[in-house]
Amino acid sequence: METLLEEAPTADWFQEMFELLRTWFSSGKEWERERALQASTQLLTAYQETVHSTTQETFNQFGSLIGAIAPYSCDSLATSRQWVVDCISCLLCIQGQPMNLGSAEEELRCLREELTAAPDPEALFQASSKMARVVSEYFSPEQATDFIEATVEGMLSASPTCATAAGLWMKVILKECGDAMPDKVPAILDIIYSHMATIQEGILRQSLLEAVSILAHHHLEAVISSLLSNHLLMDSDITELWGDPLLATQVLQVLREKIKTSTRQEGSVTSETETDRHLAAAEPLSATCAIFEVVSALQSSKAVQELLPEWFPVLLQQVSRTSGQKMPLPRIRSRSLFQKDQQHTEGNPCRFSVQALESVLFKVGNERLVRVLRLQKTWILLENPQTHHEGVSAGESSAKIWTSNT
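Residues numbered from 1 in each chain as written. Predicted model: local features only at pLDDT ≥ 70, side-chain atom pairs only at ≥ 80, totals over all residues. Heavy atoms only, no water.

Asker: Would you mind showing me how to read the confidence of the model for the chain here?
Answerer: Note that predicted coordinates carrying low pLDDT should not be read in detail. Taken residue by residue, the chain gives an average pLDDT of 82. The fraction at 70 or more is 84%. This stretch, residues 329-345, has a pLDDT under 50; its non-local contacts, to residues over four places away or in other chains, come to 40 contacts. (pLDDT = per-residue confidence, 0-100. Contact = heavy atoms within 4.5 Å.)

Okay, structure coming up:
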């Protein structure tokens, strides 16, 4: 490998050789994984000495290599774990130049001992997580998508223990470095979501969901906008996130603001084309459908109760905006809404808005109010453009009576 790099000292040639070694990382034989990791250490050392030291070219492979190698810090063979630490030490030396690694080198030496002597998987996970935090200090946000892609691939191909470690590394890097990744949010979400269907094992799936949650705590608006634009907020894979009351509350507040903002901007749209009108109506309708899904997934009604005074007029206004309108989107990925009443919802965006309003009232325990509104046929009146004004009047009157009695 040293000879090959001397003949063609380029990062691309190095990457080709590494990809050949990488195929053995997921081997079912311990000795094959150990040899592949040892050879990777030697390859990285050769690259550092023959290519990087002379060309000083930007090392763009750091993210993908860390993502591919790091999960094996929890390999079943102690010598393999040692080689992983050596690989990461070499990667940090390459990435860290001309920075002074200082304490990082000492921390890695200590962690090498911890990983060697770890008595059980839990101890391995703790030591591996510590190493991820060390690496995060030298992690470039520009390489985030390469890292996430490599990490998720590790979750699919590695042993259960190493796959769990891959999930841990993803969460640690996002937690420590996610604040500097606002422009990477859509790409990261695309990578995670594209693998949700194939990763069904409980712990691994939870790691993906937690990764999205961590990203949302850094960039809530960007995450919601990205999910909305792809109609994923209503997808069953993503709705598992809304079991977190704090995150769900924050999401609901953002969704409410999106509906309010769209309402304010509606009058400023100058284009009269049908496409532009549909696009202007798409986001608030998607947000309305998302509110239904988030509220339905919540276990507690506290968050909804606190937001109800602001929500009721906003959702009622959204019902009015969609009354008599056609669907602005070719498809709304809200399985539960369509399956619940597809006959009435298909081609009728007002029905989505009505169901969102009804679900909010039901979640906060206003069963009596919901029952009264049904008896008054308020929902039917709201959906019909000819009787919509009667439905609005009935809804507001019933809400005022309920508010005055609570």
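Asker: Explanation requested: the packing of aromatic side chains in the structure shown.
Answerer: Each aromatic ring pair is summarised here by two numbers: the centre-to-centre distance and the angle between the ring planes. One pass over the structure, following the stated rule, counts five aromatic pairs. Consider the rings of F18 and F25, whose centres lie 5.9 Å apart with planes at 75°: the pair is edge-to-face. Residue class for F18 comes out buried when judged on its relative accessible area of 1%. Using a relative accessible area of 2% as the deciding quantity, one classes F25 as buried. (Phe/Tyr/Trp six-rings, centres within 6.5 Å; stacked < 30°, edge-to-face > 60°. Buried < 20%, exposed > 50% of the residue type's maximum accessible area, 1.4 Å probe, protein only.)

Asker: For this particular structure, what's the right way to read unusual backbone geometry?
Answerer: A negative phi holds for most residues other than glycine; trans holds for most peptide bonds. Phi is positive for K377, close to 55°, though the residue is something other than glycine. You can see K377 is positioned in the loop between α19 (367-375) and α20 (378-383). Exposure remark for K377: the relative accessible area of 52% places this residue in the exposed category. (Helix = DSSP H or I, 4+ residues; strand = E, 2+ residues; numbered from the N terminus.)

Asker: Just to check I follow, could you spell out helix α10 (residues 185-196) for this structure?
Answerer: Counted at 1.5 Å a residue, the expected span for α10 with its 12 residues is 16 Å, and the 17 Å between its end C-alpha atoms agrees. The complete set of buried residues in α10 reads V185, I188, L189, I191, I192, Y193, H195 and M196. Against the buried residues of α10 lie α8 (144-157), α9 (160-177), α11 (202-218), α12 (220-229) and α13 (236-239). (Expected span 1.5 Å × (residues − 1).)

Asker: Any chance you could explain the pattern of salt bridges here in plain terms?
Answerer: Where side chains of opposite charge bring their charged atoms close, a pairing between them can arise. Evaluation of the coordinates by the stated rule reveals 14 salt bridges. A salt bridge links R22 to E19; its shortest N-O distance comes to 3.7 Å. Here R22 and its partner E19 are both found in helix α2 (residues 11-22), three residues apart, which amounts to about one turn of the helix. A salt bridge links D75 to R33, with the nearest nitrogen and oxygen atoms 2.6 Å apart. A residue pair is termed long-range when its members are at least 10 positions apart, and D75 in the loop between α4 (62-69) and α5 (78-96) and R33 in helix α3 (residues 30-55) qualify at 42 residues. A single burial state applies to D75 and to R33, both of which are buried. (Salt bridge = Lys/Arg side-chain N within 4 Å of Asp/Glu carboxyl O.)

Asker: Help me understand the packing of α4 against α8 in this model?
Answerer: Axes are the key here: two packed helices are described by the angle between their axes and the distance separating the axes. Taken N-terminus to C-terminus, the directions of α4 and α8 make an angle of 20°; their axes are 7 Å apart at the nearest point. Looking at the two axes, α4 sits roughly parallel to α8. As for how α4 packs across α8, the hand of that crossing is right-handed. Of the residues in α8, those in contact with G63, S64, I66, G67 and A68 of α4 are D146, F147, A150 and T151. (Axes fitted to C-alpha atoms, helices over the stretch in contact; angles between N-to-C directions. Parallel < 35°, antiparallel > 145°, perpendicular 65-115°, else oblique. Left-handed = near helix turned anticlockwise from the far one by under 90°.)

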